[in-house]
Amino acid sequence: MTDEDHLWYYNVEDGTVTQGKAASSMSRMGPYPDRASAEKALQIAAERNKAADRADEEWNN
């Protein structure tokens, strides 16, 4: 097993969480250090997007 086989991924097609790269690269989010983080992948992405939008807004003003 490689180190990547111990990391967790969120499959955007069916909402499953797997350890290792089970889904294609176009269908997965991650890697995440643990299952709990991978389960919150969409929430984490939304929070990062909001932070990036705020930074863009501050940059543009």
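Preceding this section is the structure that the text describes.
Bear in mind that the values here come from a model prediction, so they are computed numbers and not experimental data.

Asker: Would you explain the overall build of the protein in this entry?
Answerer: Looking only at helices and strands, the protein has two helices and three strands in total. Tracing the protein from N to C terminus, the helices and strands come up as β-β-β-α-α. Against the compact-globule benchmark of 10 Å for 61 residues, the protein has a radius of gyration of 14 Å, which places it well outside the compact range. Its C-alpha atoms give the protein principal-axis dimensions of about 50 × 25 × 20 Å. Of all 61 residues assigned to the protein, the portion counted as buried reaches 23%. Here the protein displays about 4600 Å² of accessible surface, and carbon together with sulfur accounts for 49% of that area.

Asker: What's the story with the packing of aromatic side chains in this structure? I'm lost.
Answerer: The description of two aromatic rings rests on the distance between their centres and on the angle between their planes. All told, the structure shown has zero aromatic pairs when counted by the stated rule. A cation sits over an aromatic face here: Arg28 above Tyr9, 5.4 Å from the ring centre.

Asker: Mind showing me how you'd approach the pattern of salt bridges here?
Answerer: Any two side chains of opposite charge can pair, so long as their charged atoms come close to each other. Going through the model one piece at a time under the given rule, you end up with one salt bridge. Across the pair Arg35 and Glu39 runs a salt bridge, and its minimum N-O distance is 3.1 Å. Separated by four residues within a single helix, Arg35 and Glu39 lie in helix α1 (residues 35–39), roughly one turn from each other. Under the relative-accessibility criterion, Arg35 is labelled partly exposed at 39%.

What counts and how
Residues numbered from 1 in each chain as written. Predicted model: local features only at pLDDT ≥ 70, side-chain atom pairs only at ≥ 80, totals over all residues. Heavy atoms only, no water. Helix = DSSP H or I, 4+ residues; strand = E, 2+ residues; numbered from the N terminus. Rg over C-alpha atoms; globule rule 2.2 N^0.38 Å. Buried < 20%, exposed > 50% of the residue type's maximum accessible area, 1.4 Å probe, protein only. Areas by Shrake-Rupley, 256 points an atom, 1.4 Å probe, with all protein chains shown as cover. Phe/Tyr/Trp six-rings, centres within 6.5 Å; stacked < 30°, edge-to-face > 60°. Lys NZ or Arg CZ within 6 Å of the ring centre and 35° of its normal. Salt bridge = Lys/Arg side-chain N within 4 Å of Asp/Glu carboxyl O.

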